[in-house]
Amino acid sequence: MHYFEDDDINETSVVGYIPTKTEAIGLLQKLNLSKNIINHVLAVSRKAIKLATQISIIPINLKLVRIGAILHDIGRVRTHDFDHAVIGGQIIREELKISEQLARIAETHILGGISKEEAKEFGIPEKDYLPESIEEKIVCLADKYFIGVKKVSIEQRFKNWFIRYGENEFLLRSKKRVEDIETFIYKLMFP
Ligand SMILES: [Fe+2]
């Protein structure tokens, strides 16, 4: 017979180092991330934790959610373009050398994630950037509820992008992905 240890039923296991909140904010400041964006990531982090703590039927690593949210826009120290997510992943993985799971959260947060085929189309390193883990999905979704620190609906968030880039096929597909993530998360909250 298999007896569960406490560790078995607790949380998503973490590989690699997860900085503390103070360390994570310190990293962003050291890289000169603007105050506006730091305020944004803190708002996203609060929302992400709020979502995560309402889910009790599956294990979620709250530390990963909190720090992943704080670091999700780290790529903006280099560019505000669409590829800031991929660049953020690279900074976390190759320069900071902290948990790979944090790199994944950063690179999968953009829109509703990017598929391997889309990555190829956009000329970014060809791999799958769709949010898979519960922590990745929560941060991706929480980010969609904000424009800066202003709370918005997914509808409003995408309306802004549609105005800027046109209601193209890719953005429509992204919106559907985010709505699917929202449905998935809410079903976990209210099973
Ligand atoms: Fe963001």
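If you're wondering where the values come from, they're calculated on a predicted model, not measured in any experiment.

Undergrad: Explain the nonpolar core to me, please; I cannot follow it from the model alone.
TA: In a soluble, globular protein the nonpolar side chains are often hidden away together inside. Membership of the largest hydrophobic core comes to 38 residues, with the highest contact counts inside it found for A48, I138 and A142. Counting residues per element, the ones that place at least two in this core are α2 (21–30), α3 (35–53), α4 (62–71), α5 (84–96), α6 (100–108), α8 (134–144) and α10 (169–189).

Undergrad: Could you clarify how one ought to interpret the environment of G88 in this entry?
TA: Checked against the element boundaries, G88 lands in helix α5. Spatially, the C-alpha atoms of G88 and I105 are 9.4 Å apart, while their sequence positions differ by 17 residues.

Undergrad: It is not clear to me how the environment of D83 should be interpreted in this structure. Could you clarify?
TA: Within the element layout of this structure, D83 appears in the loop between α4 and α5. A count of 20 C-beta atoms within 10 Å places D83 in the buried class. Residues D83 and S174, spaced 91 residues apart in sequence, show a C-alpha to C-alpha distance of 15 Å.

Undergrad: Please clarify how α10 should be interpreted in this entry.
TA: Working note: α-helix, 3.6 residues per turn, so residues spaced by three or four point in the same direction. The end-to-end C-alpha distance of α10 is 30 Å, a good match for the 30 Å that 21 residues give at a rise of 1.5 Å each. Every buried residue belonging to α10 is among S174, K175, V178 and I181, and all of these are buried. The arc enclosing the buried residues of α10, seen along the axis, measures out at 120 degrees, which places them on a common side. The outward face of α10, more than 90 degrees from its buried face, is lined by the exposed residues E169, L172, K176, D180, T183, F184 and K187. Contacts made by the buried residues of α10 are with α8 and α9 (154–165).

Undergrad: How should I be thinking about the environment of N36 in this particular structure?
TA: If you trace the backbone, N36 turns up in helix α3. Measuring from C-alpha to C-alpha, the distance between N36 and V149 comes to 8.1 Å, with 113 residues separating the pair along the chain.

Undergrad: Just to check I follow, could you spell out the packing of α4 against α6 for this structure?
TA: How two helices pack is summed up by the angle between their axes together with the distance between the axes. It is at 9 Å that the axes of α4 and α6 come closest, and there the two elements cross at 55 degrees. The angle between the axes of α4 and α6 places the two elements in the oblique class. Relative to α6, the crossing made by α4 is right-handed. Judged by residue contacts, L64, I67, G68 and L71 of α4 engage Q101, L102, I105 and A106 from α6. Broken down by class, the residue content of the contact of α4 with α6 amounts to 6 nonpolar, 2 polar and no charged.

Criteria and cut-off values
Residues numbered from 1 in each chain as written. Predicted model: local features only at pLDDT ≥ 70, side-chain atom pairs only at ≥ 80, totals over all residues. Core = buried A, V, L, I, M, F, W, Y, C linked by C-beta atoms within 7 Å. Buried ≥ 20, exposed ≤ 12 C-beta atoms within 10 Å, placed from the backbone. Helix = DSSP H or I, 4+ residues; strand = E, 2+ residues; numbered from the N terminus. Expected span 1.5 Å × (residues − 1). Arc of directions from axis to C-beta. Contact = placed C-beta atoms within 7 Å. Axes fitted to C-alpha atoms, helices over the stretch in contact; angles between N-to-C directions. Parallel < 35°, antiparallel > 145°, perpendicular 65-115°, else oblique. Left-handed = near helix turned anticlockwise from the far one by under 90°. Nonpolar A, V, L, I, M, F, W, Y, C, P; charged D, E, K, R; others polar.

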